[in-house]
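Breakdown of the fold
Single-letter residue listing:
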Amino acid sequence: MRIAKAMARAGLCSRREAERWIAEGRVSVNGQVLATPAVEVKPKDRILVDGRPLPVAEPARLWRYNKPKGVVTTHNDPQGRPTVFDSLPPDLPRVISVGRLDFNTEGLILLTNDGELARHLELPATGWLRRYRVRAKGRVNADDLASLKDGVEVEGVRYGPVEVAIDTMQGANTWLTVGIREGKNREVRKVLAHLGLEVNRLIRVSFGPFQLLDLKPGEAESVKRRVLADQLGAEIAEQFGLLDDREEKAQAKKPGFKKVRAVKERTANERGDNDRGRKPHGDKERSDRRAPPREGKPRNAGARKGPFRKDGSRKDTFRNDRREKP
């Protein structure tokens, strides 16, 4: 595994940041300071970053986070502005962001402890739609919006297809819903400015299948491993170690947890021989269904056995009345 990838998998930084740290001489392997990221490392190699051992890679995890306006999505800002990572909830481990939102943009950011997972999710090839709620000053017509469906070139930069729908108009402002798949730098603002709209509020409400929902600014919520694995697909989920039964085992330890067997696992005796699940009634089973005899006098004692004798004459005596023959 390349050194930059190993650093990213450990959740220390992104692969691009790792390459920059290596160029700055901050990384050593087995006592030798690296000058290039083109180095393969093995599990037993001793890797130091700024003199400290590389953290042990943990299982990949993902969080939804509501970024407030007025913070930057970076670990260190040269201008000294507040960052997303300065005010994360204290129970979160060291995480990195999946892509970025600029200083004045608010809304959903995905955070992960795995740099390779972050890189995979932010690639345009993943094809996940980023959806925004936008308030912009100005007016726009349907023909202008339709022209964005096939992409547009702005100031020499080619942007992919953009989905735009008008929601409401309030005074001089227009509320729109915008969907993009590439997420280039300030893409929404630049594309709408191309149409004569000045964006004054920008909120990301979804990133692929993950939505902002009712998260409050500054709050983070973990995405279940099962959900993440389903969205990535079996092949990618297996690469990130998401296809195991750790979550099910953890649930099994909770009080009241019961694992339900599938119908096909039930035995024939449990199912019965028909769709309704009734047992077949044989002679033995019918006899078992009868109520046990009562104590004392037999059930049939005193009952008439029948109205006629074998010779055809009528009898009106009870079974237990033994009359003497004449």
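Structure shown above.
Below or above, wherever it landed, is the structure these notes cover. (Residues numbered from 1 in each chain as written. Predicted model: local features only at pLDDT ≥ 70, side-chain atom pairs only at ≥ 80, totals over all residues. Heavy atoms only, no water.)

Some words on the overall build of the chain
- Check the secondary structure of the chain and you find 10 helices and 15 strands.
- The buried share among the 326 residues of the chain stands at 34%.
- Sequence separation of at least 24 residues holds for 59% of the intrachain contacts in the chain that already meet a minimum separation of 6. (Helix = DSSP H or I, 4+ residues; strand = E, 2+ residues; numbered from the N terminus. Buried < 20%, exposed > 50% of the residue type's maximum accessible area, 1.4 Å probe, protein only. Contact = heavy atoms within 4.5 Å.)

What about helix H2 (residues 15–23)?
- Restricting attention to buried positions, one finds in H2 the residues Glu17, Ala18, Trp21 and Ile22. Buried residues of H2 fall within an arc of 140 degrees about the axis and therefore sit on the same side. Exposed and facing more than 90 degrees away from the buried side of H2 are Arg16 and Ala23.
- Buried residues belonging to H2 abut helix H1 (3–9), strand E1 (27–29) and strand E3 (47–49).
- Just downstream of H2 lies glycine 25, where phi reads positive at about 75 degrees. (Arc of directions from axis to C-beta.)

Considering the packing of aromatic side chains
- Tallying each qualifying case throughout the model produces two aromatic pairs.
- Look at tryptophan 128 and phenylalanine 207: their rings are 6.4 Å apart centre to centre, the planes differ by 85 degrees, and that puts the pair in the edge-to-face class. Here tryptophan 128 is found in the loop between helix H3 (115–122) and strand E8 (130–137), whereas its partner phenylalanine 207 is found in strand E13 (residues 198–207), with 79 residues between them in sequence.
- Taking relative accessible area as the criterion, tryptophan 128 reaches 13% and is therefore assigned buried.
- With a centroid separation of 5.8 Å and 75 degrees between ring planes, the pair formed by tryptophan 128 and phenylalanine 210 is classed as edge-to-face. With tryptophan 128 in the loop between H3 and E8 and phenylalanine 210 in strand E14 (residues 210–211), this residue pair connects regions lying 82 residues apart in the sequence. Side by side, tryptophan 128 and phenylalanine 210 carry an identical accessibility label, which is buried. (Phe/Tyr/Trp six-rings, centres within 6.5 Å; stacked < 30°, edge-to-face > 60°.)

Side note on the environment of isoleucine 180
- Along the chain, the position of isoleucine 180 falls in strand E12 (residues 173–180).
- The class for isoleucine 180 is buried, based on a relative accessible area of 2%.
- With near-sequence residues (within four places) excluded, isoleucine 180 lies in contact with Trp128, Leu129, Arg130, Tyr132, Pro161, Val162, Glu187 and Val188.

So, the side chain of arginine 204
- Along the chain, the position of arginine 204 falls in strand E13.
- No salt bridge is formed by the buried arginine 204; the nearest opposite charge belongs to glutamate 122, separated by 8.7 Å.
- Looking at arginine 204, its side chain comes within polar contact range of the side chain of tyrosine 132, at 3.4 Å.
- If we ignore the near neighbours within four places in the chain, the residues touching arginine 204 are Val98, Leu101, Glu106, Gly107, Leu108, Ile109, Arg130, Arg131, Tyr132 and Leu212. (Lys, Arg positive; Asp, Glu negative; His and termini not counted. Salt bridge = Lys/Arg side-chain N within 4 Å of Asp/Glu carboxyl O. Polar contact = N/O pair within 3.5 Å; in protein donor to acceptor, adjacent residues only side chain to side chain.)

Regarding the environment of glutamate 219
- As for its placement among the helices and strands, glutamate 219 is situated in the loop between E14 and strand E15 (220–223).
- Classification of glutamate 219 as partly exposed rests on a relative accessible area of 35%.
- In this structure, the C-alpha to C-alpha distance between glutamate 219 and tryptophan 63, residues 156 residues apart in sequence, is 10.0 Å.
- Setting aside chain neighbours within four positions, we find glutamate 219 in contact with Arg64, Tyr65 and Asn66.

Quick word on the nonpolar core
- Of all hydrophobic cores here, the largest spans 32 residues; its most connected members are Leu88, Leu111, Val134, Leu176, Val178, Val188 and Leu192.
- Elements with a minimum of two residues in this core: strand E5 (62–67), strand E7 (106–112), E8, strand E9 (152–154), E12, helix H5 (187–194) and E13.
- Beyond its immediate sequence surroundings of up to four residues, leucine 111 is in contact with Arg61, Leu62, Trp63, Tyr65, Phe85, Leu88, Leu92, Val95, Ile96 and Ser97.
- With 23 residues, the next largest nonpolar core counts Ala118, Phe210, Leu212 and Leu228 among its residues. (Core = buried A, V, L, I, M, F, W, Y, C linked by side-chain atoms within 4.5 Å.)

Here's the deal with the pairing of E8
- The alternating pattern of E8 places Arg130, Tyr132, Val134 and Ala136 on a buried face and Arg131, Arg133, Arg135 and Lys137 on a face that is not buried.
- In terms of strand pairing, E8 meets E12 through eight bridges, oriented antiparallel. When the sheet's bridge partners are listed, arginine 135 is paired in E12 with tryptophan 175.
- Of the strand pairs in this sheet, E8 and E13 are connected by eight bridges, and their pairing is antiparallel. Bridging from a neighbouring strand, arginine 135 pairs with arginine 201 of E13. (Pairing = 2+ DSSP bridges.)

A short note on the pattern of salt bridges
- In the structure shown here, the tally under the stated rule is 11 salt bridges.
- Note that glutamate 106 is salt-bridged to arginine 201, the shortest N-O span being 3.1 Å. One end of the pair, glutamate 106, is in strand E7; the other, arginine 201, is in strand E13, and 95 residues separate them in sequence.
- Within this structure, Glu24, Arg26 and Asp50 form a network of salt bridges that share partners.

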